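Topology and contacts: notes
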Amino acid sequence: MKKLLLFSCSFLIALSANSQQKIADYQIDYFSAMSYDIKVAEGSKNELYKVYVDIQNSDQAKNTLNLIFNDKTLKDFKAALEASKNKYVEWRQVAIDNNVEEVAKKIDVKYPSVRAGFIYGREWFFDFSVKLSPRFLVMSGKYLLIISTDKLVASDNQFITSEGMLVFSNAEEIDMFLSKLNEDEIVAAVQNKTSTVDLFE
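Overview of the pairing of strand β7 (residues 123-130)
Here strand β6 (residues 114-120) runs beside β7; their pairing, made up of 6 bridges, is antiparallel. Bridging across to β7, Gly117 finds its partner in Phe126. Taken together, β6 and the strand that follows it, β7, pair antiparallel across an intervening segment of 2 residues, in which Gly121 is found at a positive phi of about 70 degrees.

Section: the nonpolar core
Tyr26, Val51, Val53, Phe77, Leu81, Phe168 and Phe177 are the most contacted members of the largest nonpolar core, which totals 51 residues. For Tyr26, the residues in contact, after removing those within four places along its chain, are Ser35, Tyr36, Ile38, Val53, Asp54, Ile55, Leu166, Met176 and Phe177.

Regarding the environment of Ile28
The residue Ile28 is located in the loop between β1 (21-26) and β2 (36-42) in this model. A relative accessible area of 3% means that Ile28 is categorised as buried. Considering only alpha carbons, one finds Ile28 and Ser169, 141 residues apart in sequence, at a separation of 7.6 Å. If sequence neighbours within four positions are ignored, Ile28 has contacts with Tyr36, Val167, Phe168 and Glu173.

Digging into unusual backbone geometry
Positive phi, normally seen in glycine, also occurs at Lys45, with a value near 55 degrees. Position of Lys45 among the secondary structure elements: in the loop between β2 and β3 (49-57). The residue Ser140 is not glycine, and still its phi comes out positive at about 50 degrees. Checked against the element boundaries, Ser140 lands in the loop between β8 (132-139) and β9 (142-149).

Looking at the packing of aromatic side chains
By the definition in use, this model includes 12 aromatic pairs. Ring geometry for Trp91 versus Phe136: centroids 5.9 Å apart, planes at 65 degrees, classification edge-to-face. Of the two residues, Trp91 sits in helix α2 (residues 71-97) while Phe136 sits in strand β8, which places them 45 residues apart along the sequence. As far as burial versus exposure is concerned, Trp91 and Phe136 are alike and both buried. Each member of the aromatic cluster is reached from another via a ring pair, and the members are Tyr26, Tyr36, Phe69, Phe77, Tyr111, Phe168 and Phe177.

Structural notes on the confidence of the model for the chain
On average, residues of the chain carry a pLDDT of 88, and 85% of them reach 70 or more. Within the model, pLDDT remains below 50 along residues 1-12, and this stretch shows 6 contacts once partners closer than five positions in the same chain are excluded. Contacts for the low-pLDDT stretch residues 14-18, under 50 throughout, to residues beyond four places or in other chains number 6 contacts.

Brief notes about the pairing of β2
Among the 7 residues of β2, 5 are classified as buried, and the element is accordingly described as predominantly covered. Pairing of β1 with β2, which is carried by 5 bridges, proceeds in the antiparallel orientation. When the sheet's bridge partners are listed, Lys22 is paired in β2 with Lys39. Strand direction decides the pairing type here: β2 and β3, joined by 5 bridges, are antiparallel. Note that in β3 the partner of Lys39 across the bridge is Tyr52.

Concerning the environment of Gly164
Inspection of the secondary structure puts Gly164 in strand β12 (residues 164-168). Taking C-alpha positions, Gly164 is 8.0 Å from Asp150, a pair spaced 14 residues apart along the chain.

Observations concerning the pattern of salt bridges
Applying the stated rule across the entire model yields 8 salt bridges. A salt bridge links Lys85 to Asp175; the nearest nitrogen and oxygen atoms lie 2.8 Å apart. Here Lys85 is found in helix α2, whereas its partner Asp175 is found in helix α3 (residues 171-179), with 90 residues between them in sequence. Residue class for Lys85 comes out buried when judged on its relative accessible area of 11%. A relative accessible area of 36% places Asp175 in the partly exposed class. Among the charged side chains, a network of salt bridges with common partners joins Lys22, Asp25 and Asp37.

Each value, and the rule that gives it
- Numbering of residues starts from 1 in each chain and follows the order in which that chain's sequence is written.
- Under the rules for a predicted model, residues below a pLDDT of 70 receive no local features and side-chain atom pairs below 80 are neither given nor counted, while totals for whole chains, interfaces and linings still include all residues.
- Each side-chain value is worked out from all heavy atoms of the structure, with water and hydrogens disregarded.
- Whether two strands pair depends on DSSP finding at least two bridges between them.
- Secondary structure elements follow DSSP: runs of H or I of four or more residues count as helices, runs of E of two or more count as strands, with numbering from the N terminus.
- To form a nonpolar core, buried Ala, Val, Leu, Ile, Met, Phe, Trp, Tyr and Cys residues must be joined to one another through side-chain atoms within 4.5 Å.
- Here's how the labels work: a residue is buried when its accessible area is under 20% of the maximum for its type, exposed when over 50%, partly exposed in between, all with a 1.4 Å probe on protein chains only.
- Between two residues, a contact is recorded if the distance between any of their heavy atoms is within 4.5 Å.
- Centres within 6.5 Å make a pair out of two Phe, Tyr or Trp rings, where for Trp the six-membered ring is used; the pair is then stacked when the planes are under 30 degrees apart, edge-to-face when over 60, and tilted otherwise.
- Per residue, pLDDT measures the predictor's confidence, with a range of 0 to 100.
- The rule for a salt bridge is simple: a side-chain nitrogen of Lys or Arg has to be within 4 Å of a carboxyl oxygen of Asp or Glu.

In structure tokens, the structure reads:
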């Protein structure tokens, strides 16, 4: 029964993935050669929408993975990232003022549990309970805010794993990223897509 439920969840997310609509993309300095998509799709059950945010796959440099949010988890994620940014700005200034050249420190901000999809081989796999952890890192003259996933484990195969991360180099980059997750624009995109489909009833 448990395997059937996991298969059903995976199937529904994969089906939703086929109906995703790109609404934005973003770049970050740390991975300057990469561009990451932000896509939306209709929600299921009590969800207003789903948002798929591509992030860097730390296992496979050429493949991104995506964090999957609904309206509730996206709101909580944005609030957590804003809180992390405030601490990052504070600690960055402390590091500069004290000529700190190297440090790694966890930031005590709680993020919502989210879902994630990742490619292994040529197939998509999903983890339905992903923890995100923020940390501040100073190295090689850079001041970084890193939001990393825990170890992702495929819901239907415990031996298929991955990890992902967001790496921000300054506060402006964080603000830019947050601006791409505008709820009004997300809702409008989903409603427009729904209205277009309704033309063909």
